[in-house]
Amino acid sequence: MNNRVVITGLGVCAPNGTTISDFTYSIKNGLSGITHQPDLEALGFSCQIAGKPQLSDDRIAQYFSSLELRNLNSTGIIYGVIAGLDAWEDAGLEKSSEDSPDWDSGTIFGTGTSGIDKFRWAINKIDDMEIRKLGSSVVIQTMASGVSAFISGKLGLGNQVSTNSSACATGAESLLLAYERIKSGQAKRMLAGSTSDSGPYIWGGFDAMKVCTFKHNSEPEKGSRPMSLTASGFVPGSGAGALVLESLDSALKRNAKIYAEVLGGHLNSGGQRGLGTMTAPNPESVQRCITKALESANIQASEIDVINGHLTATTKDSLEIENWKIALGSTAENFPYINSLKGMIGHCISAAGSIECVASVLELEQNFIFPNINCEDLNPEITALINENRIPQTLIEKKINVLTKASFGFGDINVCVILKKYNHE
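Residues numbered from 1 in each chain as written. Predicted model: local features only at pLDDT ≥ 70, side-chain atom pairs only at ≥ 80, totals over all residues. Heavy atoms only, no water.

- Taking an unreviewed UniProt entry as the reference, the protein is identified by name as 3-oxoacyl-[acyl-carrier-protein] synthase 1 belonging to Pedobacter lithocola.
- In its Subunit (unreviewed entry) section, UniProt records this for the protein: "Homodimer." (UniProt positions renumbered as here; feature names shortened; annotations may be inferred.)

Below you can see the structure in the form of structure tokens.
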């Protein structure tokens, strides 16, 4: 089979918005969700700022039972369930009956590490010889697939229920895996997404690697600076993004709102060969991922209007743009518009790709290109490659037809997804 696949629902739990309406307003207006984190300062972190979704107890209580909340200590599961259930509702879908699962619907919902705060609590209990006090909630919160299991149970999903994990590429990968499942006729609907815990136990390793900025602790909103000359490392973030993918036939049959169409994409690895390492991309594999994605989608490079880049505010930003330029065969003048959401939300690790995919779909559906912030001093290595006007620093309201989203992760892994405005004619 070769089903067409569309996106019919969106949900988000981002540092700068935990509803689609708030998130849309923030990204259109270049509003940052990065704030000072007192716990990071108290612990002696070099980078004491981060992007963290703001959720009230009342909001969380709308998604979990009182029993679940009693021992719930996994921020990633909270973010993922909220984004996932919101996307399902946004798609006009309901949970299955209590008697039977929905055999046609599933989820691929990724994560990096699940319930690290719960893990720490459990380890301390064990070390204190208090194993009987662990209770029954440790396993479900600390297993990687906890988030997809929670979502499946709440919605009654009977098709594939999986959690993928591919570092910073996780979210975009989940979308592509869900797309393939529907395209091949193995499911009618898939909830794709990813999530990432908050807090020092997630972010500490990156701080120790010295890949996070330490220069903006007194001005958090200016800390994340993709494509800037004064970029000094990424700002850690957290949250979740979710998208309902559906066969076009299914969406039309139930008269669903269609946000965009998924044309195709590609997954690959640089194998940590050549210039590729655990933390650095192999340029050949990045370029190959982009060109193979175009082949999969059956489009020409010249058709791409916007690139939603990975662009993390490190020394690799200019290399990423060089890879795009080579893969697309572009000149400085005809390079597509390019933007990075990380200036507003930081690098949300395993949640980055899915939150950024949600932003990409909103751009397509609502005809705008969100601004890049904190790059008023563009890196000259980048402006030597492409014209400055390809890097919008104010909102552009413009009909766009094709957008490509890429995520590149630790381990030298790459994902590129091609999205298109759905033609309702």
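The structure having been displayed, the exposition proceeds.
### Concerning the overall build of the protein
And then number 1: A tally of helices and strands in the protein yields 16 helices and 14 strands.
And then number 2: Taken against the 2.2 N^0.38 rule, which gives 22 Å for 425 residues, the C-alpha radius of gyration of the protein at 20 Å falls within 12% of a compact globule.
And then number 3: With the C-alpha coordinates aligned to their principal axes, the bounding extent of the protein is approximately 65 × 55 × 40 Å.
And then number 4: The long-range share in the protein, meaning contacts at least 24 apart out of those at least 6 apart in sequence, stands at 78%.
And then number 5: Accessible surface, the protein: about 16900 Å² in total, of which carbon and sulfur atoms supply 49%.
And then number 6: Put simply, the protein has 35 plus and 45 minus side-chain charges, and the middle of one group is 3 Å from the middle of the other. (Helix = DSSP H or I, 4+ residues; strand = E, 2+ residues; numbered from the N terminus. Rg over C-alpha atoms; globule rule 2.2 N^0.38 Å. Contact = heavy atoms within 4.5 Å. Areas by Shrake-Rupley, 256 points an atom, 1.4 Å probe, with all protein chains shown as cover. Lys, Arg positive; Asp, Glu negative; His and termini not counted. Charge placed at Lys NZ, Arg CZ, Asp CG, Glu CD.)

### Focus: the environment of asparagine 159
And then number 1: Relative to the assigned elements, asparagine 159 resides in the loop between helix 8 (146-155) and strand 5 (161-162).
And then number 2: Here asparagine 159 falls in the buried class, since its relative accessible area comes to 14%.
And then number 3: Spatially, the C-alpha atoms of asparagine 159 and glycine 106 are 4.4 Å apart, while their sequence positions differ by 53 residues.
And then number 4: Excluding its chain neighbours within four sequence positions, the residues that come into contact with asparagine 159 are Asp102, Trp103, Asp104, Ser105, Gly106, Arg181, Gln186, Ala187 and Met190. (Buried < 20%, exposed > 50% of the residue type's maximum accessible area, 1.4 Å probe, protein only.)

### Focus on the side chain of serine 105
And then number 1: Topologically, serine 105 is positioned in strand 4 (residues 105-111).
And then number 2: Residues in contact with serine 105, not counting those within four places in the same chain, are Trp88, Leu157, Gly158, Asn159 and Arg189.

### Considering the UniProt feature "domain: Ketosynthase family 3 (KS3)" (unreviewed entry) in the protein
And then number 1: In the UniProt entry, the feature "domain: Ketosynthase family 3 (KS3)" (unreviewed entry) is given for residues 2-421.
And then number 2: Annotation note: span residues 2-421, helix share 35%, strand share 18%, distance between end C-alpha atoms 19 Å.

### Some details on the nonpolar core
And then number 1: If you look at the biggest cluster of nonpolar residues, it comprises 48 residues, and the most contacted ones within it are Phe23 and Leu245.
And then number 2: Examining the composition of this core, we find that 8 residues originate from one element, helix 15 (residues 352-366), more than from any other.
And then number 3: Ignoring sequence-local partners within four residues, the contact set of leucine 245 consists of Val5, Val6, Ile7, Leu175, Ala178, Tyr179, Ile182, Lys188, Arg189, Met190, Ala192 and Val262.
And then number 4: The next biggest cluster of nonpolar side chains, apart from the first, holds 29 residues, and it includes Met227, Ile290, Ile338 and Ala406. (Core = buried A, V, L, I, M, F, W, Y, C linked by side-chain atoms within 4.5 Å.)

### Description of the pairing of strand 14 (residues 413-420)
And then number 1: The element strand 14 is largely enclosed, with a buried count of 6 among its 8 residues.
And then number 2: Looking at chain direction, strand 8 (residues 260-269) and strand 14 are connected through 8 bridges and run antiparallel. Paired with leucine 267 across the bridge in strand 14 is valine 415.
And then number 3: In this structure, strand 13 (residues 402-409) lies alongside strand 14, joined through 8 bridges in antiparallel fashion. Of the residues in strand 14, the one forming a bridge with alanine 406 is cysteine 416. (Pairing = 2+ DSSP bridges.)

### Here's the deal with the sheet that holds strand 14
And then number 1: Spatial strand order, 5-4-6-7-1-8-14-13-9-10: 10 strands in an open sheet with mixed pairing. Edge positions in the sheet fall to strand 5 and strand 10 (337-339), since each of these pairs with one other strand and no more.
And then number 2: The sheet contact formed by strand 9 (residues 306-308) and strand 10 spans 3 bridges and is parallel. Directly across from valine 306, in strand 10, lies its bridge partner tyrosine 337.
And then number 3: Strands strand 1 (5-13), strand 4, strand 6 (189-196) and strand 7 (239-247) of the sheet are contacted by helix 5 (residues 75-90), whose axis makes an angle of about 135° with strand 1.
And then number 4: Along the sheet, helix 13 (residues 317-328) contacts strand 9, strand 10, strand 13 and strand 14; its crossing angle with strand 13, the most-contacted strand, is approximately 130°. (Axes fitted to C-alpha atoms, helices over the stretch in contact; angles between N-to-C directions.)

### Quick look at the environment of asparagine 379
And then number 1: By secondary structure assignment, the location of asparagine 379 is in the loop between strand 11 (368-369) and helix 16 (380-383).
And then number 2: Along the backbone, asparagine 379 and serine 228 are 151 residues apart, and their C-alpha atoms lie at a distance of 4.9 Å.
And then number 3: Excluding its chain neighbours within four sequence positions, the residues that come into contact with asparagine 379 are Met227, Ser228 and Leu229.
And then number 4: In terms of polar contacts, asparagine 379 uses its side chain to reach the backbone amide nitrogen of glutamate 381, at 2.9 Å. (Polar contact = N/O pair within 3.5 Å; in protein donor to acceptor, adjacent residues only side chain to side chain.)

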